[in-house]
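# Chain and residue survey
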Amino acid sequence: MRVGILGSGLMGAKLGTIWARAGHEVVFSYSHSEQKLKKLARAAKGKARAGTPREAAQDADALLLAVHWSRVDDVLRQAGDVSGKVIVSCSLPMNADDTGLVIAHTSSGAEELAKKVPKARVVAAFGTVPSEVLFGVFAARKKARRPSLVYCGDDARSKKVAATLIRDVGFDPVDAGPLRIARYTEPFTLLIARLAYEGDGGPELAYRFERFE
Ligand SMILES: NC(=O)c1ccc[n+]([C@@H]2O[C@H](COP(=O)([O-])OP(=O)(O)OC[C@H]3O[C@@H](n4cnc5c(N)ncnc54)[C@H](OP(=O)(O)O)[C@@H]3O)[C@@H](O)[C@H]2O)c1
């Protein structure tokens, strides 16, 4: 797949690197430093390059939106026409100092994003895990027990694309249903963040749902 990364920070840099290593064609975009994007592309090996958000969006089979909530409008403006594109978003509607959600309960960041780009197909995924765990999950992808990763969206074809990308990182994709379920997954992330960053263990935390029949 061709994957455009919109926001090459903690999440975007790592996920883009993993997808390049998994064989996808990746364009890293949206950083204050073009040098950083080029360095990321070189280090990812595989088929990765640096580009502008517009270049990342062009011909992309999937876009990862990985920016702070306050930068969503800017990066989307720079990306240009995203009609028909699959946008996998890990972006959470956090306030300026990242202490709380600015949208919750009656809507979600993912739903508000879908309203901003009504012709794109938004899937919420990856927002429920800390960036620190991503390389570890990828390294352990051959093991039988994979960690879960919930995702949700309203378009079946886009969800299939997202599930492939989730599997390629090393997670077991868990389809949580329509995009409005992001109202539950986004606050859940604050619990995960609490355990990851305030708990006794390190931030390399993932979760797994178990079923007992
Ligand atoms: N970090 C996590 O563990 C985690 C987990 C789950 C969800 N999330 C969510 O995922 C999203 C991304 O988080 P993150 O931690 O990856 O964020 P981040 O590290 O701050 O990365 C954001 C990216 O946007 C770029 N950027 C910001 N302002 C810019 C501007 N004015 N011009 C150009 N580029 C600009 C940054 O540039 P630079 O490269 O120059 O910094 C960086 O590449 C957020 O919505 C967050 O809530 C994060």
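Above this text is the structure in question.
Figured I'd write up the structure that's included with this text.

Reading the values: rules and limits
Residues numbered from 1 in each chain as written. Predicted model: local features only at pLDDT ≥ 70, side-chain atom pairs only at ≥ 80, totals over all residues. Heavy atoms only, no water. Helix = DSSP H or I, 4+ residues; strand = E, 2+ residues; numbered from the N terminus. Rg over C-alpha atoms; globule rule 2.2 N^0.38 Å. Buried < 20%, exposed > 50% of the residue type's maximum accessible area, 1.4 Å probe, protein only. Contact = heavy atoms within 4.5 Å. Areas by Shrake-Rupley, 256 points an atom, 1.4 Å probe, with all protein chains shown as cover. Lys, Arg positive; Asp, Glu negative; His and termini not counted. Charge placed at Lys NZ, Arg CZ, Asp CG, Glu CD. Axes fitted to C-alpha atoms, helices over the stretch in contact; angles between N-to-C directions. Parallel < 35°, antiparallel > 145°, perpendicular 65-115°, else oblique. Nonpolar A, V, L, I, M, F, W, Y, C, P; charged D, E, K, R; others polar. Disulfide = S-S within 2.5 Å. Core = buried A, V, L, I, M, F, W, Y, C linked by side-chain atoms within 4.5 Å. Phe/Tyr/Trp six-rings, centres within 6.5 Å; stacked < 30°, edge-to-face > 60°. Lys NZ or Arg CZ within 6 Å of the ring centre and 35° of its normal. Near = heavy atom within 4 Å. Polar contact = N/O pair within 3.5 Å; in protein donor to acceptor, adjacent residues only side chain to side chain. 1 Å grid on protein atoms, 1.4 Å probe; cavity = no way out; pocket = protein on both sides within 12 Å on 5 of 7 lines; lining within 4 Å. Sits in = over half its atoms within 2 Å of the grid points. Salt bridge = Lys/Arg side-chain N within 4 Å of Asp/Glu carboxyl O.

Further remarks concern the overall build of the chain. Each helix and strand in the chain was counted, giving 8 helices and 8 strands. The C-alpha atoms of the chain give 16 Å as radius of gyration, which agrees with the globular expectation for 213 residues (17 Å, within 12%). Viewed in the frame of its principal axes, the chain has a C-alpha envelope of about 45 × 40 × 35 Å. Classification of the 213 residues of the chain by burial places 50% in the buried group. Excluding contacts between residues fewer than 6 apart, the proportion of contacts in the chain whose partners are at least 24 apart in sequence is 71%. Carbon and sulfur atoms make up 51% of the accessible area of the chain, which totals about 10,700 Å². In the chain, 32 positive and 24 negative side-chain charges are present, and the distance between their average locations comes to 6 Å.

Phi at Lys-45 is positive, roughly 55°, even though this residue is not glycine. The topology assignment puts Lys-45 in the loop between α2 (34–43) and β3 (47–50). Not every positive phi belongs to a glycine, and Asp-98 is a case in point at roughly 55°. Looking at the secondary structure, you find Asp-98 in the loop between β5 (86–89) and α5 (109–116). Judged by its relative accessible area of 46%, Asp-98 falls in the partly exposed class.

Running from N to C, helix α1 (residues 10–21) and helix α7 (residues 156–169) point in directions that differ by 85°, and their axes come no closer than 9 Å. By the angle class used here, α1 and α7 are roughly perpendicular. Between α1, through Leu-15, Ile-18 and Trp-19, and α7, the contact on the second element is made entirely by Leu-165, Asp-168 and Val-169. Within the contact of α1 with α7, the residues separate by chemical class into 5 nonpolar, no polar and 1 charged.

So, about the state of the cysteines. Per the counting criterion, the structure on display carries 0 disulfides. Looking at Cys-152, it has no disulfide partner, and the nearest cysteine sulfur is the one in Cys-90, 13 Å off. Residue class for Cys-152 comes out buried when judged on its relative accessible area of 1%.

A few words now on the nonpolar core. Grouped together as the largest cluster of nonpolar side chains are 41 residues, with contacts concentrated most on Trp-19, Phe-28, Phe-126 and Phe-171. If you look at the next biggest cluster of nonpolar residues, it comprises 27 residues, including Val-27, Leu-65, Val-75 and Cys-152.

Next up on the list: the packing of aromatic side chains. In this structure the tally under the stated criterion is 3 aromatic pairs. On the numbers, 5.2 Å between centres and 90° between planes, the contact of Phe-188 with Tyr-207 is edge-to-face. With Phe-188 in helix α8 (residues 182–198) and Tyr-207 in the segment after α8, the pair connects residues that are 19 residues apart, well separated along the chain. You can call Phe-188 partly exposed: its relative accessible area is 25%. Within the aromatic cluster, the residues linked to one another by ring pairs are Phe-188, Tyr-207 and Phe-209. It is Arg-141 that lies over the ring of Phe-138; its NZ or CZ is 3.8 Å from the centre.

Looking at the ligand, there are 22 residues lining it, with Met-11, Ser-31, His-32, Lys-36 and Val-67 nearest. Contact between the ligand and Ser-31: an oxygen atom at 2.8 Å from a side-chain N or O atom of the residue. In this structure, an oxygen atom belonging to the ligand sits 2.8 Å away from a side-chain N or O atom of His-32. Contact with the protein chains removes 77% of the 890 Å² of surface that the ligand exposes when unbound. The site holding the ligand turns out to be the largest pocket. When its residues are assigned to classes, the shell around the ligand shows 11 nonpolar, 9 polar and 2 charged.

Here the focus is the pattern of salt bridges. By the definition in use, this model includes 11 salt bridges. Notably, a salt bridge pairs Lys-38 with Glu-34, separated by 3.4 Å at the nearest N-O pair. One end of the pair, Lys-38, and the other, Glu-34, are both in helix α2, 4 residues apart, so they sit about a helical turn from each other. Since its relative accessible area comes to 53%, Glu-34 is described here as exposed. Of the charged contacts in the structure, one is a salt bridge between Asp-175 and Lys-159, with a shortest N-O distance of 2.7 Å. Note that Asp-175 is positioned in strand β8 (residues 172–175) and Lys-159 in helix α7, a separation of 16 residues in sequence. Assessed through its relative accessible area of 45%, Asp-175 is described here as partly exposed.

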